[in-house]
Amino acid sequence: QIVGSTNGTQITVSNNLFFNIQQNAAGGFITIVDFEPNTDDDQIGDILVSDNLIDGSTALLGWNGIIVQSGGNNTGIRYCKISDNLIRGGGSGQLANGVVIAGGREVVAENNFVDHALQSGVSTNNVGNVYIRHNTLRTCGSGGTAAFTVISTTDSQFDNNIIDDWNGTNENPDAGFVETESSGTVTTSGTGVTRTSGGALFYSFWVGKTVTINSVDYVVQSVTDNTNLVLTASAGVQVGVTLTTKF
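Not measured: the values here are computed from a predicted model.

Asker: Explain the sheet that holds strand β6 (residues 53–55) to me, please; I cannot follow it from the model alone.
Answerer: Strand order across the open sheet formed by six strands is β3-β6-β9-β12-β14-β17, with parallel pairing between neighbours. Of all the strands in the sheet, the pair left with one neighbour each is β3 (17–19) and β17 (162–164). On average, adjacent strands in this sheet sit at an angle of 5° to one another, irrespective of strand direction.

If you want it as structure tokens, here you go:
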């Protein structure tokens, strides 16, 4: 990585210009900003990454923008904010992922602009209490990888993000696809379902999607709020059963 830490707190990476991105000494991927606790004792917290311009539009090999992730079994990421960054793949640049948040809790990503990512513009995986809002992803995602990928993410909010296939050609069929995969515990009463613990919050885009409750598939008719939804068919009365989603 160009800037990063495996163990540290109260770190700010702000108002920097990164450009002319080249391969690393081993010839592999470069990550421009990377916070990644590796051992069980490592901690990453109180991190601010803001107002940076990362321009890899002339890069010839793959690179990632900003990554906050836990290595191994470490979950020691707390209180990180990624905001107001411009990450530009564009042109012949080989930007793989714009912003990746994997592992940990209490992470905010807001007001970032990601241009031309070959994989995800924003991706969350195995996290909780993250807030992703007011980000713009322009021409991101390809080859079955969603522009906006949300996997095993719980107790989190996604608000007012924009996915824009800016040239209007619809060359990228994955551009507007949000993938959610999670598992949590619910209680059912007829067609009503109440979230009790774990899993993703319920969102309006679930309407018409299929969820699996206690190994049986059901279609979502409506979403009342983030913890209550209605099915098109009765699931009976069940307490403490598992609801899983993957769509």
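From this point, the narrative continues.
Asker: Honestly, the nonpolar core in this entry has me stumped. Any pointers?
Answerer: Soluble globular proteins tend to bury their nonpolar side chains together. Of all hydrophobic cores here, the largest spans 35 residues; its most connected members are Ile32, Ile54, Trp63, Ile87 and Ile101. Listed by contribution, the elements that provide at least two residues to this core are β4 (30–35), β5 (44–50), β7 (63–69), β8 (77–83), β10 (99–102), β11 (105–110), β13 (122–133) and β15 (148–154). Counting 14 residues, the second largest nonpolar core, distinct from the first, contains Trp206, Val220, Leu229 and Val241.

Asker: Would you mind showing me how to read the environment of Gly104 here?
Answerer: Here Gly104 lies in the loop between β10 and β11. Judged by relative accessible area, which is 7%, Gly104 ranks as buried. Separated by 22 residues in sequence, Gly104 and Asn126 have C-alpha atoms that sit 7.5 Å apart.

Asker: What am I meant to see in the packing of aromatic side chains here?
Answerer: Aromatic ring pairs are defined here through the distance separating the ring centres and the angle between the ring planes. One pass over the structure, following the stated rule, counts one aromatic pair. Here the aromatic rings of Phe148 and Phe158 are separated by 5.9 Å at their centres, their planes lie at 70°, and the arrangement is edge-to-face. Here Phe158 lies in strand β16 (residues 157–159) and Phe148 lies in strand β15, a separation of ten residues in the sequence.

Asker: Help me out: how do you make sense of unusual backbone geometry in this one?
Answerer: It is generally the case that most residues other than glycine have a negative phi and that most peptide bonds are trans. Within the chain, Asn15 stands out as a residue other than glycine whose phi angle is a positive 60°. Structurally, Asn15 is set in the loop between β2 (8–14) and β3. Even without glycine at this site, Ser152 takes up a positive phi of about 45°. Among the secondary structure elements, Ser152 is positioned in strand β15.

Asker: Whenever I open this one, the pairing of β4 confuses me. Can you help?
Answerer: A regular strand places its side chains on the two faces of the sheet in alternate fashion. Counted residue by residue, β4 has six buried out of six residues, so it is predominantly covered. Note that β4 and β7 share five bridges and pair parallel. Of the residues in β7, the one forming a bridge with Asp34 is Ile67.

Reading the values: the criteria
- Residues numbered from 1 in each chain as written.
- Predicted model: local features only at pLDDT ≥ 70, side-chain atom pairs only at ≥ 80, totals over all residues.
- Heavy atoms only, no water.
- Pairing = 2+ DSSP bridges.
- Helix = DSSP H or I, 4+ residues; strand = E, 2+ residues; numbered from the N terminus.
- Axes fitted to C-alpha atoms, helices over the stretch in contact; angles between N-to-C directions.
- Core = buried A, V, L, I, M, F, W, Y, C linked by side-chain atoms within 4.5 Å.
- Buried < 20%, exposed > 50% of the residue type's maximum accessible area, 1.4 Å probe, protein only.
- Phe/Tyr/Trp six-rings, centres within 6.5 Å; stacked < 30°, edge-to-face > 60°.

Purely spatial values, then, with no claim about function.
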